[in-house]
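Inside the fold
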Amino acid sequence: MSRDPALDAFPRLSSADSKVRLAAAETLLQYFFRLRKDGQEEEVSNVGRRLVRGLACSKSSARKGYYLTFTGFLKTFTDLPYSSICEFAQKELKVSSGGSKGEEGDLLLGKILFAGALLRSGRLQTFSDEEKGQVVEGLVGAMTKRSYLPLIAAPFLECLLEESTNDDFHRLFWPALRPYLVKDWSQQTQSSLFILLHIYKKFKVKKTELKGLLGAELLAKANWPHLAKILLEGQHPVTDLLVSRLPADQQVEFWNGPVQEVLGKASRARHAAALNLLSSLFKTSDEQNFPNLLNSTSVSLLKKSLQDGELRPDAADAMEALLDRVKAVPDDIRAKVLEKLTADDFSFDEVTKCGLLRAVANSLQEEGIKVSIDNIKKVVVDDSKKTKDKCAAVHMIATLASSTAAAVESRETATLFLLEQAFFCGSSPSALNQAAKQNFLRCQKVAQDGVLRAAVAYVDGQLKKKRPPVKMSATTVSAWKKMATQVSKLDAAGGKVEAVLSQLMVHVGLQLLNDPDQALEALEELHECCSRVLGGKQDKHWVEVVVEVLLSLLAHPQAALRATIRKMFSALCPTITQEALTSLVEACSAQDNPLVPKDQAEEDDSEVEEEDDEEGDEAEQEDNEDEDEEEEDDDDDDGEDDDNQEDTQADKIRAAVRSALGTNGEVSDAESVDVDDISEEEGRRLDEALSQAFKGARKGLSKRDSKVQEQMLHFRLRVLDLLETYVRSEQSLGLTLQLVEPLLDLLARCLRDTQMRPLEGRLKHLLGSFGQLRKFADIKGVSESNLAESLNALLERGRTSQAVFLSVAAEAAAVAAFLARASQSVEASGPLTDAFKAAMSEFFCVRDCALPAAFFTPLLKTSWSGNLSLLPLLMEYAFDSSEETKFFRRPVAISFLLELVSNQQLMQANKVTSSKLLGQMAIKASAALTRKEQKERFERQLLTLIQKLIPRLDEKQKKPLTADLEGYIPQVTLAGKETKKLFRRVALQLKVGIKYL
């Protein structure tokens, strides 16, 4: 008899991959079915012994595979007698006296798995009482021989007790378990406690016997010290079981009492067990007492364990259980949890890098935030606390106040407290003042206008008490009082413009506390604007001044100020003038740095150069001095004003190279140095000198320019935010139209200049938003001719710079769609339609046209009525065989027609005209379908178009289609499957005979 290939699956039972083991087990089970069917008893015995032998493998994955398969084997051969099964174990799992300890341990483990397989397969229930007792004796006897085996046997014993009746337990299992369980506390283990807990739950007898040994009821408080000691021996399922049996109102007392005492002299293993216990308690403890689990010992345990590589996974599980419970409890309990976590210090997140405090803080709602802010304020004013903890506390206050769930009252309380700590507490440590200042600015970013006005009122009150902010000069105090007076006048006047200026004045006024030099200049300009507005002179000039002030404020890296500026600018959008908008565009495209004055920039550059000179060695200093002398000589020779001319980086590099070349540098730029005239020694000198020259140049460039370039980039991005805010406000069509050209110029510059490349994505997004504009509040001064001129200017870009235009084709298409939609708001005169027709003619008739097909797609999706004027032109390009139309463009024309036919809004708005045009399109499409010698792909496009057209045609318009399609049948019989499939659909719509297909 040949060997069955299924036996090759045995080695795969040892695979580390569970899927491979499962597939091998399935293969062997199918083999077992065949053995049972054929009645091969001897082979069954051989397979059974082999599976039992595999239970004692030293490899863990192998034991899993053999246990799984043996369990299936027992379910397959339900008629296999106990004697035969027992014989397998006696022969294959016999512990010999000459074996090693490792081999003996594997065999004992095999016996446990053998008993477990009998239990899991259900075969144990079919045995006699005597046989059941033998199995349990074998299980208990094996697990008592090694300390680690009870943990493996525990799940099997749990299953046994759950399935046993009270009578079976007393008659069959208790005699085997009694020697293992009836011991005093000093001999109890986690596994014995695990079994005892199950016995106490289900079986009422024998408690008297145990009570005499254990001294009381198993879970009585008198036994808690013994229970705590056993639980902390290591990680074991008994932990979750005991916690589930312990009353919820006693769990916190159990943790804070006996467990804390055992933890006093705990090892790493006990710490892991304690974390496991704490995780279970987090899940089940009483809701009101739940925060009391977080005493100083618990917090310290979590903090230390999260820093320990081995204990971090257990601590992470405990922290996850804590957060899950926090989400499920009321808000006042969450506030107590945060208070417990920060009772000793606020360093938990900083030390552990886990963000637990932030997560708990973010979970708080309105009432919890209010309570927590009041609690943390006490920490800041407590003289016994360390400065580091106080700084962390003010940071937490700002975090709570910045939450979206925080009430206005809580934000006001936090803001005023931080204001006091930052600017009025001169006796506090400077680190605390600085931390409070930074977090005050954080609160200012999210604070409502009422909160900021409360801050202004607080400062006014302190000034009236002759208690000015620390380090505030008399000039600044005077400016503050003037600002407060102006705000009162604006509030009294009312009106939208006055309200915007009042809010802006409050925000800029608060900057007097943080950056008085910047705020003083901005306030002077704002006072001028306010005087014009309050005096009834609301000319255009005041808006331009306000925009200039906003730009100057944007130059400073303050997130709170940027958020305020965006809010203020949104309110100013209806009053923006062309000059104000131009200043925004110029700020984005300026070549020079608009952030600082030119003389200040020159001073900063000189300071950077001085720092570079100090860092360089003596040789580099001499080279730089020579370079400066040569540059001065060149400037004198040229006779030009130094204030109007600066050396470029290339000039400086060229001077450094000349200095390195020495005598060879005297050769003019038109000549070249003959390498043959340079000796080997002089060549090495030149290499070293040139290396130093270029190294110095690169070093100077990175230090001098990188910071300025980064500042410029961020400034431009902020200004683009303002421009996008204006565009999306849909205020003035004329002003929005004037933005198109400058933005496209700036985008083209970004594509050429690598330093501005980060602006590319933001600019494309801004230009893309033009395609979403619908209505405008003001269309004065805009005619269709203006829109046509803008379109022609856009198309001219494609002719002059094709590569750049193709890179911004999607944005150009959005602008074109914007122009089409905008024409619906002005009086129609035809120039824009003519411009689009000319562009489309160029696309279809000029071979090297730079316009991509995607340029027209957004346009055709709009409801612009001019699209109907393009329809006859597209039909000509799609269906007429004109030599002017490029043949490869005809499929594109069909796709354009499909876009128009699918434009429901356009067709519904022009039902009469569109119905007539669609009828003409259907006739031409069906006629084109019957032409011979055209590509099948084009025919499929035509069939798709006809399929879209049919639902929109009346019966009279369908008749010509039916005749043409019947004439197309001979052609389609020779076509491919896709073409036939499309034709069937069309034929079914028109009820054309298709019996030959």
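The name an unreviewed UniProt entry gives the protein is DNA polymerase V, with Cloeon dipterum as the organism. The UniProt entry for the protein carries the following comment under Sequence similarities (unreviewed entry): "Belongs to the MYBBP1A family."

This paragraph deals with the packing of helix α7 (residues 149-163) against helix α8 (residues 166-181). Packing of α7 against α8 leaves a shortest axis separation of 13 Å and a crossing angle of 160°. Regarding the angle of α7 to α8, the classification is roughly antiparallel. In this structure, α7 meets α8 at a crossing whose hand is left-handed. Contacts from P150, L157, L160 and L161 in α7 reach F169, F173, L177 and Y180 in α8. Taken together, the residues that form the contact of α7 with α8 break down as 8 nonpolar, no polar and no charged.

Examined against the element boundaries, R325 turns out to sit in helix α16 (residues 312-328). R325 gets classed as buried once you look at its relative accessible area, which sits at 13%. Separated by 35 residues in the primary sequence, R325 and F290 place their C-alpha atoms 8.9 Å from one another.

Tallied over the full model, the rule gives 22 salt bridges. Note that R268 is salt-bridged to E310, the shortest N-O span being 3.1 Å. Residue R268 is located in helix α14 (residues 268-284), and its partner E310 is located in the loop between α15 (296-306) and α16; the two are separated by 42 residues in the primary sequence. When its relative accessible area of 56% is taken as the criterion, E310 is described as exposed. Across the pair R762 and D721 runs a salt bridge, and its minimum N-O distance is 2.5 Å. Of this pair, R762 sits in helix α36 (residues 759-768) while D721 sits in helix α34 (residues 680-729), and the two are 41 residues apart along the sequence.

Take the packing of aromatic side chains next. Inspection of every chain in the model, using the stated rule, returns 22 aromatic pairs. An angle of 55° between the planes, with centres 5.1 Å apart, marks the rings of F836 and W864 as tilted. With a gap of 28 residues between them, F836 in helix α40 (residues 831-845) and W864 in the loop between α41 (857-860) and α42 (866-879) connect regions that are remote in the sequence. When its relative accessible area of 0% is taken as the criterion, F836 is described as buried.

Another point: the environment of K336. Mapped onto the secondary structure, K336 falls in helix α17 (residues 331-341). Distance in space between the C-alpha atoms of K336 and Q288 is 9.8 Å, their sequence separation being 48 residues.

Here the focus is unusual backbone geometry. Positive phi, close to 60°, is recorded for K466, a residue that is not glycine. One non-glycine residue, E730, adopts positive backbone phi at about 50°. Relative to the elements of secondary structure, E730 occurs in the loop between α34 and α35 (733-752).

Cut-off values and rules
Residues numbered from 1 in each chain as written. Predicted model: local features only at pLDDT ≥ 70, side-chain atom pairs only at ≥ 80, totals over all residues. Heavy atoms only, no water. UniProt positions renumbered as here; feature names shortened; annotations may be inferred. Axes fitted to C-alpha atoms, helices over the stretch in contact; angles between N-to-C directions. Helix = DSSP H or I, 4+ residues; strand = E, 2+ residues; numbered from the N terminus. Parallel < 35°, antiparallel > 145°, perpendicular 65-115°, else oblique. Left-handed = near helix turned anticlockwise from the far one by under 90°. Contact = heavy atoms within 4.5 Å. Nonpolar A, V, L, I, M, F, W, Y, C, P; charged D, E, K, R; others polar. Buried < 20%, exposed > 50% of the residue type's maximum accessible area, 1.4 Å probe, protein only. Salt bridge = Lys/Arg side-chain N within 4 Å of Asp/Glu carboxyl O. Phe/Tyr/Trp six-rings, centres within 6.5 Å; stacked < 30°, edge-to-face > 60°.

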